[in-house]
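# Commentary on secondary and tertiary structure
Here is how the chains run, residue by residue.
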Amino acid sequence: MGAYIGTVSAQRFDTVVVGGGIIGLATAFVLSREGQRVALVDDAVGRGATYAAAGMLAPGAESSPEHSLFASRALAARDLWPQFVQQLNQSASSSCELFVSGTVFVGWDADDRREWRRYFDTAHEQGIKSLDATRDLSPDLFLGLSPRTHEAQFVHSDAYVDTDDIVRGLRRALDQQGVVTYAHRALHCDVKDGEAITEIAGDTLRSRCGILATGYQGEPLEILNSSIHRLRPVRGVTLRLRADVQGPLPMIRAYVNGRHVYVVRRTDGTVLVGASSDESADLTIEAGAIRRLLEDAATVSPELDEATFVEARVGLRPASSDQTPFFDELADGAWAWSAGHYRHGFLMAPLAANDALAFSMNRLK
Ligand SMILES: Cc1cc2nc3c(=O)[nH]c(=O)nc-3n(C[C@H](O)[C@H](O)[C@H](O)COP(=O)(O)OP(=O)(O)OC[C@H]3O[C@@H](n4cnc5c(N)ncnc54)[C@H](O)[C@@H]3O)c2cc1C
């Protein structure tokens, strides 16, 4: 690793967190709440994949046979959210909410329904609980859905958060808890004389340990080369609409002629539509991606045709080779890389923060 340059900050921290997406923010929050002196380094807090996320906390949303360990961690992460929101509101004097709306899974045609049946065979084995629902017996679950949909699976424990609210709340909590935020890029991270060193323009921060929570980035920090893990970007787009949403409604996941689409209908009238996914680091949004999402969402929920289009957001999901998160210790344990949260960074954030807490406590002993 190269030598570090620049002024060495007079301040010493227990932990420096590099990257202020949902993983870095949650980590800095939990560590500082435990009384650690924490610095956060990011020149674009909350603007990575975090900015595009739909905020679904849905452990069963993407079960696959090879990911049973991840499924149990995802369920554990979902269970941490009520307390996480409560602690956040306490620290930030905010009023962030966790909406336990559940999700209805519907298929447009016979093949689409078969796709969900296959999917739930695996999900049930992994501990995801769902109920068979029919329009006749549970009409409330079908509110806003096309009259052509008559049967669904309902996962009642799925929840969502307003991602912008959570980011605002976390930033406020970090201020309250004395976290020092450096609006800079980390240029170089290293270890020297047993301390973690973080170089930013014009300063060098020293700490007992450091957490790298940089999501996917085009030019990885050199220190990450020592990890066995690699990340690739998976681009995703979410659309924000405004609609006349009546009351709390379940989230929708649908296959429409083989294409996957999800719709989050928030009580404040914001509707999020997503599910686009392609292996690319290009942050432009193609008109076709917007058209496909709108078309599929309005097929399954025709009233969305009346909604007002607000904006489209794009982000790069950080995907590891097996598409599950990792927490990897680097540089003789002075640093850890908390990454690979792919489609589940919001869901997994409280668990990732707890992993970072255990790591840093061990280091501070
Ligand atoms: C379209 C879309 C929809 C999604 N929907 C959901 C969902 O409903 N539920 C869910 O749980 N997850 C969802 N996700 C996934 C979730 O957004 C990601 O898993 C999560 O954002 C990853 O968090 P992160 O903090 O690791 O990375 P990011 O959010 O990308 O944040 C990384 C941060 O690190 C900073 N950074 C990078 N390099 C440096 C450096 N050298 N120095 C300082 N700072 C640096 C960046 O500026 C950025 O702020 C979605 C993602 C997308 C794209």
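Treat the numbers as computed from the prediction; the structure is a model and nothing was measured.

Glancing now at the nonpolar core. Judged by nonpolar contacts, the single largest core of 108 residues is most densely connected at Ala26, Phe29 and Val261. Ranked by residues supplied to this core, first place goes to helix α7 (residues 345-364) with 9 residues. No fewer than three residues from each of domain 1 (8-56 + 165-231 + 322-364) and domain 2 (103-155 + 233-319) sit in this core. Beyond its immediate sequence surroundings of up to four residues, Ala26 is in contact with Leu170, Ala349, Pro350, Ala352 and Ala353.

Attention now moves to helix α3 (residues 68-92). Its 25 residues give α3 an end-to-end C-alpha distance of 35 Å, which sits within 8% of 36 Å, the value for a rise of 1.5 Å per residue. Of all the bends found along α3, the most pronounced is centred on Trp81 and spans about 35°, while Pro82, a proline, follows it within four residues. Buried within α3 we find Phe70, Ala71, Ala74, Ala77, Arg78, Phe84, Val85, Leu88 and Ala92. Elements that come into contact with the buried residues of α3 comprise α1 (22-33), β3 (56-57), α5 (163-176) and α7. Backbone geometry just downstream of α3 places Ser93 in the positive-phi region, at approximately 50°.

This paragraph deals with the pairing of strand β10 (residues 195-200). Among the 6 residues in β10, 5 count as buried, and that is most of the element. Relative to β10, strand β9 (residues 188-192) runs antiparallel, the two sharing 5 bridges. Residue pairing across strands places Lys192 opposite Glu195, the latter belonging to β10. Once β9 ends, the chain turns through 2 residues before running back antiparallel as β10, passing Asp193 with a positive phi of about 50°. Where β10 meets strand β11 (residues 203-212), 5 bridges bridge the pair, whose relative direction is antiparallel. Across the sheet, Ala196 pairs through a bridge with Ser207, a residue of β11. Two successive antiparallel strands, β10 and β11, enclose a turn made up of 2 residues, where Gly202 displays a positive phi of approximately 80°.

Let's shift gears to the packing of α3 against α5. Running from amino to carboxyl end, α3 crosses α5 at an angle of 55°, the nearest separation of the two axes being 8 Å. When the interaxial angle is binned, α3 and α5 end up oblique. Remark: the crossing between α3 and α5 carries left-handed chirality. Contact with α3, carried on its side by Leu88, Ser91 and Ala92, involves Gly169, Leu170, Arg172, Ala173 and Gln176 of α5 and no other residues of that element. By residue class, the composition of the contact of α3 with α5 is 4 nonpolar, 3 polar and 1 charged.

So, on to the site of the ligand. Close contacts around the ligand come from 42 residues, with Gly21, Gly48, Gly215, Gly236 and Gly345 the closest. Secondary-structure elements contributing two or more residues to the shell around the ligand are α1, α2 (49-52), β12 (232-242), β16 (308-319) and α7.

In this section: the domain arrangement of the chain. We note that the domain assignment places domain 1 (8-56 + 165-231 + 322-364) and domain 2 (103-155 + 233-319) within the chain. Look at where the C-alpha atoms of domain 1 and domain 2 centre, and you get two points 32 Å apart. With 18 residues of domain 1 at the interface, the matching set in domain 2 holds 17 residues. Ranked by the residues each element gives to the side of domain 1 that touches domain 2, the list is headed by α2, at 3 residues. Here the residues of the side of domain 1 that touches domain 2 sort into 10 nonpolar, 7 polar and 1 charged.

About the thresholds
- Residues numbered from 1 in each chain as written.
- Predicted model: local features only at pLDDT ≥ 70, side-chain atom pairs only at ≥ 80, totals over all residues.
- Core = buried A, V, L, I, M, F, W, Y, C linked by C-beta atoms within 7 Å.
- Buried ≥ 20, exposed ≤ 12 C-beta atoms within 10 Å, placed from the backbone.
- Helix = DSSP H or I, 4+ residues; strand = E, 2+ residues; numbered from the N terminus.
- Domains from an automatic or database assignment.
- Contact = placed C-beta atoms within 7 Å.
- Expected span 1.5 Å × (residues − 1).
- Bend = angle between axes of the 7 residues up to and from the residue.
- Pairing = 2+ DSSP bridges.
- Axes fitted to C-alpha atoms, helices over the stretch in contact; angles between N-to-C directions.
- Parallel < 35°, antiparallel > 145°, perpendicular 65-115°, else oblique.
- Left-handed = near helix turned anticlockwise from the far one by under 90°.
- Nonpolar A, V, L, I, M, F, W, Y, C, P; charged D, E, K, R; others polar.
- Near = placed C-beta within 6 Å.

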